[in-house]
Protein chains: 2
Amino acid sequence: MSALDTALHGLRALIADGALRPGDRLPSEGELCETLGVSRGSLREAIRMLAALGVLETRHGSGSYVSELRAADLIGSLSLTVGLLPMAGVLELTELRRVLEPHAAALAAARIDAATIETLGGVLDEIEASDDFEDHSRLDHAFHMTISEVAGNDALTSLIDVLRSRSRAYRIPDADDAAELKLHSDAGHRAILRGLAAADPVAASAAASAHVAQTEYWVRRYTETDIVAEGSAVEPD
Amino acid sequence: MSALDTALHGLRALIADGALRPGDRLPSEGELCETLGVSRGSLREAIRMLAALGVLETRHGSGSYVSELRAADLIGSLSLTVGLLPMAGVLELTELRRVLEPHAAALAAARIDAATIETLGGVLDEIEASDDFEDHSRLDHAFHMTISEVAGNDALTSLIDVLRSRSRAYRIPDADDAAELKLHSDAGHRAILRGLAAADPVAASAAASAHVAQTEYWVRRYTETDIVAEGSAVEPD
DNA sequence: TGAAACATAGTTGTCATACGAATTTGATGA
DNA sequence: TCATCAAATTCGTATGACAACTATGTTTCA
């Protein structure tokens, strides 16, 4: 087994066995090197791998810590990479959205309160009033994330967020198409909100399903034509 | 921006911009160090992070390569970490299974062929004939993965695999409970297979839903009592 | 007494160098 | 043409050194 694997499995075992619990500080790199019998470089590579996966967090000058190990955080670690998927992969992910978003909408319909409904209505008002792509994208994200959060499962919210992050980054180049998309999008949002306001899981779910299907249609339509990626969709620290 | 971030974003940009495509070999570490202006150690840490996320693959003596960037592979990178989730997180994931597995079963019902139905029947025969926990776990896995694969979405299959990997690692300690679980589990499997064989998406979906709900019941039941984790559920290379 | 400033030790971040291990490549020879 | 071997290339690992940052205890001053 390579030194890197030794370090990786060693660290993982410390957490799996309960020797290190969420929030705990790891021994210093020097100590871990002795314990695991690897050089500092190999150890640091292993730490970085677990950090990339959301298991560890390192603070300069302080130490490395075990994360809270929330399912949502681990799923969120995918956000760095989904932006690199080719279009074929994006379509696969959209199919997952077709299942997950209706589910979230149905759950939300059963739990949402009047204040949140009002908030969501305000968001839709803003979307419909704005012509700016950035505003639209940001508010659309807020609308859907709020629904996921109301659904009450953080892992579900995180997963939907990750899956949505990609299609969000595309801008429809053709002005007429963009206008048509926005028209249908706005109508879809209103339908979802009606379902939520009526506390009707079936209606909310169906509306969410239709909304995703529409997204999928546009993604497919532009898959084989011009498409403009909005940067790398990941902001630097 | 730290040297590590420089390297990480630099590598990511090379892929996002299309300068490096799936399957391509990266420049040597020495070249990348010069290009990005960081030391070899920092560069290697960045490479490891992307490798942990399934974006890069490194071969000793040959070089580092961009992976095929399949959605299924990126999702599969979670398998290293879901084994570390506390029970609360496992329940969150089980709720996701409640949506995804019925969906997969419904899709599979519409696409499955006679040969696969026969194969699945054979797997169930084996399960029902075996008393060994290892056999049962392995065959159960094969049964459900086959269904996912028939569904035809690799990302969905990978996601279900990741989510299932955790509950699979638990063994019910009480013998009577274990026997009861197996009884219901076997019946659930047969119900799913009946739905598939009848090419009835609704029946298959409902049976899969019930099957996951049952798993969830047992996970909850044992959450606050004794539970035995079957190792770290990740086999070394 | 209280608080601000400082000094110190400990920890991670980064770099440079060296050499081992594995692969790839090209030359050599039958 | 093919097999074999040697060399070059590349990643894997270890070590040492120092900078950057944090945490903690101490001193100093109001």
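Given the structure is predicted, the values throughout are model-derived calculations rather than measurements. (Residues numbered from 1 in each chain as written. Chains lettered and ligands numbered in written order. Predicted model: local features only at pLDDT ≥ 70, side-chain atom pairs only at ≥ 80, totals over all residues. Heavy atoms only, no water.)

A. The environment of Arg21 of chain A, seen in detail. All names here are of chain A. Mapping Arg21 onto the fold places it in the loop between helix H1 (3-16) and helix H2 (29-36). Using a relative accessible area of 54% as the deciding quantity, one classes Arg21 as exposed. Between the C-alpha atoms of Arg21 and Val66, which are 45 residues apart in sequence, the distance is 6.7 Å. (Helix = DSSP H or I, 4+ residues; strand = E, 2+ residues; numbered from the N terminus. Buried < 20%, exposed > 50% of the residue type's maximum accessible area, 1.4 Å probe, protein only.)

B. Geometry of the packing of helix H6 (residues 87-111) of chain A against helix H6 (residues 87-111) of chain B. Between H6 of chain A and H6 of chain B, the least distance of the axes is 10 Å, while the angle of their chain directions is 130°. Compared by their axis directions, H6 of chain A and H6 of chain B come out oblique. Both H6 of chain A and H6 of chain B take part in a crossing whose hand is right-handed. Touching Glu95, Val99, Leu100, His103 and Leu107 of chain A of H6 of chain A are Glu95, Val99, Leu100, His103 and Leu107 of chain B, all from H6 of chain B. Class assignment of the residues belonging to the contact of H6 of chain A with H6 of chain B gives a composition of six nonpolar, two polar and two charged. (Axes fitted to C-alpha atoms, helices over the stretch in contact; angles between N-to-C directions. Parallel < 35°, antiparallel > 145°, perpendicular 65-115°, else oblique. Left-handed = near helix turned anticlockwise from the far one by under 90°. Contact = heavy atoms within 4.5 Å. Nonpolar A, V, L, I, M, F, W, Y, C, P; charged D, E, K, R; others polar.)

C. Seen up close, the protein's contact with DNA strand D. Close to DNA strand D lie 22 residues, the nearest being Ala3, Ser39 and His60 of chain A together with Arg40 and Arg44 of chain B. Each atom of DNA strand D within 4 Å of the protein belongs either to a base or to sugar and phosphate, the latter forming 73%. Arg40 of chain A has a polar side-chain atom sitting 3.4 Å from a base nitrogen of DNA strand D. When contributions to the surface near DNA strand D are tallied by element, the ones reaching two or more residues are H1 and helix H3 (40-52) of chain A together with helix H3 (40-52) and strand S1 (56-59) of chain B. (Near = heavy atom within 4 Å. Polar contact = N/O pair within 3.5 Å; in protein donor to acceptor, adjacent residues only side chain to side chain.)

D. Broad picture of the interface of chain A and chain B. With 45 residues of chain A at the interface, the matching set in chain B holds 45 residues. Summed over both sides, the interface of chain A with chain B buries roughly 4300 Å², with 71% coming from carbon and sulfur. The largest per-residue losses of area from chain A upon contact with chain B belong to Arg12, Leu53 and Leu84 of chain A, which jointly make up 17% of the total buried on that side. In this assembly, chain A and chain B are joined by four salt bridges. A salt bridge links Arg48 of chain A to Glu45 of chain B, with the shortest nitrogen-to-oxygen separation between them at 2.8 Å. The tally of links between chain A and chain B comes to 14 residue pairs in polar contact (both at pLDDT 80 or more). Of all the secondary-structure elements, those providing two or more residues to the side of chain A that touches chain B are H1, H3, helix H4 (71-76), helix H5 (79-82), H6 and helix H9 (154-167) of chain A. Residue composition of the side of chain A that touches chain B, by class: 27 nonpolar, eight polar and 10 charged. (Buried area = accessible area lost by both parts, 1.4 Å probe. Salt bridge = Lys/Arg side-chain N within 4 Å of Asp/Glu carboxyl O.)

E. Looking closely at the protein's contact with DNA strand C. Taken together, the neighbourhood of DNA strand C is formed by 23 residues, with Glu29, Arg40 and Arg44 of chain A together with Ala3 and Ser39 of chain B sitting nearest. Of all DNA strand C atoms lying within 4 Å of any protein atom, the proportion belonging to sugar or phosphate reaches 70%. Separating a phosphate oxygen of DNA strand C from a side-chain N or O atom of Arg48 of chain A is a distance of 3.3 Å. Measuring from a base nitrogen of DNA strand C, one finds a side-chain N or O atom of His60 of chain B at 3.2 Å. Counting residues per element, the ones that place at least two in the surface near DNA strand C are H3, strand S1 (56-59) and strand S2 (63-66) of chain A together with helix H1 (3-16) and H3 of chain B. With three residues, H3 of chain A is the single largest residue contributor to the surface near DNA strand C.

F. Quick peek at the relation of the copies chain A and chain B. Overlaying chain A on chain B yields an RMSD of 0.0 Å, the required transformation being a rotation through 180° with an accompanying axial translation of 0.0 Å. The transformation just described matches what one would write down for a two-fold rotation axis. A high fraction, 98%, of the interface residues of chain A reappear at the interface in chain B, so the copies pair face to face through one surface. (Least-squares fit on C-alpha atoms with pLDDT ≥ 70 in both.)

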